[in-house]
Amino acid sequence: MERLDFLPFETSPRCELKMLSSGVCTSTVQLPGKVAVVTGANTGIGKETAKELAKRGKYLCRARVYLACRDVQKGELVAREIQTMTGNQEVLARKLDLADTKSIRTFAEGFLAEEKHLHILINNAGVMMCPYSKTADGFEMHMGVNHLGHFLLTHLLLEKLKESAPSRVVNVSSLAHHLGRIHFHNLQGEKFYNAGLAYCHSKLANILFTKELARRLKGSGVTAYSVHPGTVNSDLVRHSSVMRFFWLLFSFFFKTPQQGAQTSLYCALTEGLEILNGNHFSDCHVAWVSAQARNETVARRLWDVSCDLLGIPMD
């Protein structure tokens, strides 16, 4: 596979990008021979992201796109749907339960045995407003799935990303991170718990992880970005009847999943974005983050605590 000196992907034709106020990824970058993994790709933003990645390239020369899903049967249905829609038969569904580190390790082992390259990792899956519950490993569900699950997955695939450089990691966060705090003494929510704030805390963790990952990977050819997709009409609020009512009432004003996927696609595909490594994006622009999200000390401590919780050796 040909390595490009600066651009992470081929362009045909070479495109001029516009920063549209509506937040549309206008890149025409093509992905022949590239490999992408999208978590939570059987629905919503993840599905639309995977669909767009699968389209890019000439017939029989497109990306291989892995739909990493908790419900693999739904994932397989979506994979076939995308295959039919795009003509790309290299859309594959694989089991990945981010609430279980055994499942994450099994997915990574299978992927690494199957693939020689990984160019795009989009950590898209997430939970929101869950009643207090724990993952298979005893982590509070929001922190366990939204942060620790993706932290472990990225760690397990990192060498493959480095070998495939230039490559990218995109972490889907939220504007809700502004209300988040990292309470190291209550990371698992056992001392006090609020479902809404737990979601905000995990979204802050996504941004801190992205910034620390970018710092550690500087010069490796792997870059990382976090994104706020916007308020999207999806099933993310399935755990909260209040939020479901709110979503129904105001859904006319929300983005569609396709619109919500645009900033993830922008960060995965845009040429020359390496200079903005570690930044947070919204509507295909660099976005302001909270003071907490800019705290390098907290970011480094969260990295170390995450390694300790997951049994990852610290460097």
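Cut-offs and rules
- All residue numbers refer to positions counted from 1 along the written sequence of the respective chain.
- The predicted nature of this model means local features are confined to residues of pLDDT at least 70 and side-chain atom pairs, given and counted, to a pLDDT of 80 or more, with totals for whole chains, interfaces and linings taken over all residues.
- Derived side-chain values reflect all non-hydrogen atoms in the structure, with water molecules and hydrogen atoms excluded from consideration.
- Strands here are runs of E lasting at least two residues and helices are runs of H or I lasting at least four, both read from the DSSP assignment and numbered beginning at the N terminus.
- Here a helix's expected span is defined as the number of its residues, less one, multiplied by 1.5 Å.
- Burial classes follow relative accessibility: with a 1.4 Å probe on protein chains only, a residue under 20% of its type's maximum area counts as buried, one over 50% as exposed, and anything between as partly exposed.
- An arc is given here, and it is the one of the directions from the helix axis to the C-beta atoms.
- Working rule for contacts: check all heavy atoms of both residues, and any pair within 4.5 Å makes them a contact.
- Pairs of N or O atoms are called polar contacts if they sit within 3.5 Å, as long as, within protein, a hydrogen donor faces a hydrogen acceptor (for residues adjacent in sequence, only side-chain-to-side-chain pairs).
- When two rings of Phe, Tyr or Trp (its six-membered ring) have centres within 6.5 Å they constitute a pair, described as stacked for plane angles under 30 degrees, edge-to-face for angles over 60, and tilted for the intermediate range.
- Counted as over-ring charges are cases with an Arg CZ or a Lys NZ within 6 Å of the ring centre that also lie within 35 degrees of the ring normal.
- A score from 0 to 100, pLDDT tells how confident the predictor is in each residue.
- Between any two strands, at least two bridges found by DSSP are needed for them to pair.
- Note on geometry: axes are C-alpha line fits, over the in-contact stretch for helices, and angles between N-to-C directions span 0 to 180 degrees.
- Throughout, the term roughly parallel applies to angles under 35 degrees, roughly antiparallel to angles over 145, roughly perpendicular to angles from 65 to 115, and oblique to all others.
- Each crossing gets its handedness from the near helix: less than a right angle anticlockwise from the far helix is left-handed, clockwise is right-handed.
- As a working rule, the residues Ala, Val, Leu, Ile, Met, Phe, Trp, Tyr, Cys and Pro are called nonpolar, Asp, Glu, Lys and Arg charged, and the rest polar, with Gly in that last group.

**Quick word on helix 1 (residues 44-55)**
1) Next: Between the first and last C-alpha of helix 1 there are 17 Å, a value that for 12 residues agrees with the 16 Å anticipated at 1.5 Å per step.
2) Next: Counting buried positions along helix 1 gives 10 out of 12 residues, so the element sits mostly inside the fold.
3) Next: Taken residue by residue, helix 1 has Gly-44, Ile-45, Gly-46, Lys-47, Glu-48, Thr-49, Ala-50, Lys-51, Leu-53 and Ala-54 as its buried positions.
4) Next: A positive backbone phi angle near 135° is found at Gly-57, which sits one or two residues after helix 1.

**Side note on helix 3 (residues 101-114)**
1) Next: For helix 3, spanning 14 residues, the distance from its first C-alpha to its last is 20 Å, which sits close to the expected 20 Å at 1.5 Å a residue.
2) Next: If you check which residues of helix 3 are buried, you get Thr-101, Ser-103, Ile-104, Phe-107, Ala-108 and Phe-111. Each buried residue of helix 3 lies within a common arc of 155° when the element is viewed along its axis, so the set occupies one face. Every exposed residue of helix 3 that faces more than 90 degrees away from the buried side is listed here: Lys-102, Thr-106, Glu-109 and Ala-113.
3) Next: Packed against the buried residues of helix 3 are strand 1 (35-39), strand 4 (64-69), strand 5 (91-95), helix 4 (141-163) and helix 9 (296-310).
4) Next: One side-chain oxygen of the residue at the start of helix 3 lies 3.0 Å from the amide nitrogen of Lys-102, identifying that residue as Asp-100.

**Topic: the packing of aromatic side chains**
1) Next: Using the criterion set out here, one finds eight aromatic pairs in the structure.
2) Next: A centroid spacing of 6.3 Å and a plane angle of 20° characterise the contact between Phe-107 and Phe-111, whose relative ring orientation is stacked. Taken together, the positions of Phe-107 and Phe-111, both in helix 3 and four residues apart, correspond to about one turn of that helix.
3) Next: Assessed through its relative accessible area of 2%, Phe-111 is described here as buried.
4) Next: Ring centres of Tyr-132 and Tyr-193 lie 4.9 Å apart, and the angle between their planes is 70°; on these two criteria the pair is classed as edge-to-face. In this pair, Tyr-132 is assigned in the loop between strand 6 (120-123) and helix 4 and Tyr-193 in the loop between strand 7 (167-172) and helix 5 (195-216), connecting sequence segments 61 residues apart.
5) Next: The class for Tyr-132 is partly exposed, based on a relative accessible area of 36%.
6) Next: The cationic tip of Arg-301 hangs over the ring face of Phe-184; the distance from NZ or CZ to the ring centre is 4.0 Å.

**Observations concerning the confidence of the model for the protein**
1) Next: With 86% of its residues at a pLDDT of at least 70, the protein reaches an overall mean of 89.
2) Next: Confidence drops under pLDDT 50 across residues 1-21; counting only partners more than four residues distant or on other chains, this segment forms 53 contacts.

**A short note on the pairing of strand 1**
1) Next: Among the five residues that make up strand 1, five are buried, leaving the element largely enclosed by the rest of the structure.
2) Next: Here strand 1 shows a buried face lined by Val-35, Val-37 and Thr-39 and a second buried face lined by Ala-36 and Val-38.
3) Next: Pairing of strand 1 with strand 6, which is carried by three bridges, proceeds in the parallel orientation. Bridge pairing links Val-38 to Ile-122 in strand 6.

**Describing the packing of helix 1 against helix 2 (residues 72-86)**
1) Next: Across the interface, helix 1 lies against helix 2 with an axial gap of 10 Å and an inter-helix angle of 40°. It follows from the interaxial angle that helix 1 and helix 2 lie oblique. The two elements helix 1 and helix 2 cross, and the hand of that crossing is right-handed. Between helix 1, through Lys-47, Ala-50, Lys-51, Ala-54 and Lys-55, and helix 2, the contact on the second element is made entirely by Val-78, Glu-81, Ile-82, Met-85 and Thr-86.
2) Next: Classifying every residue of the contact of helix 1 with helix 2 gives five nonpolar, one polar and four charged.

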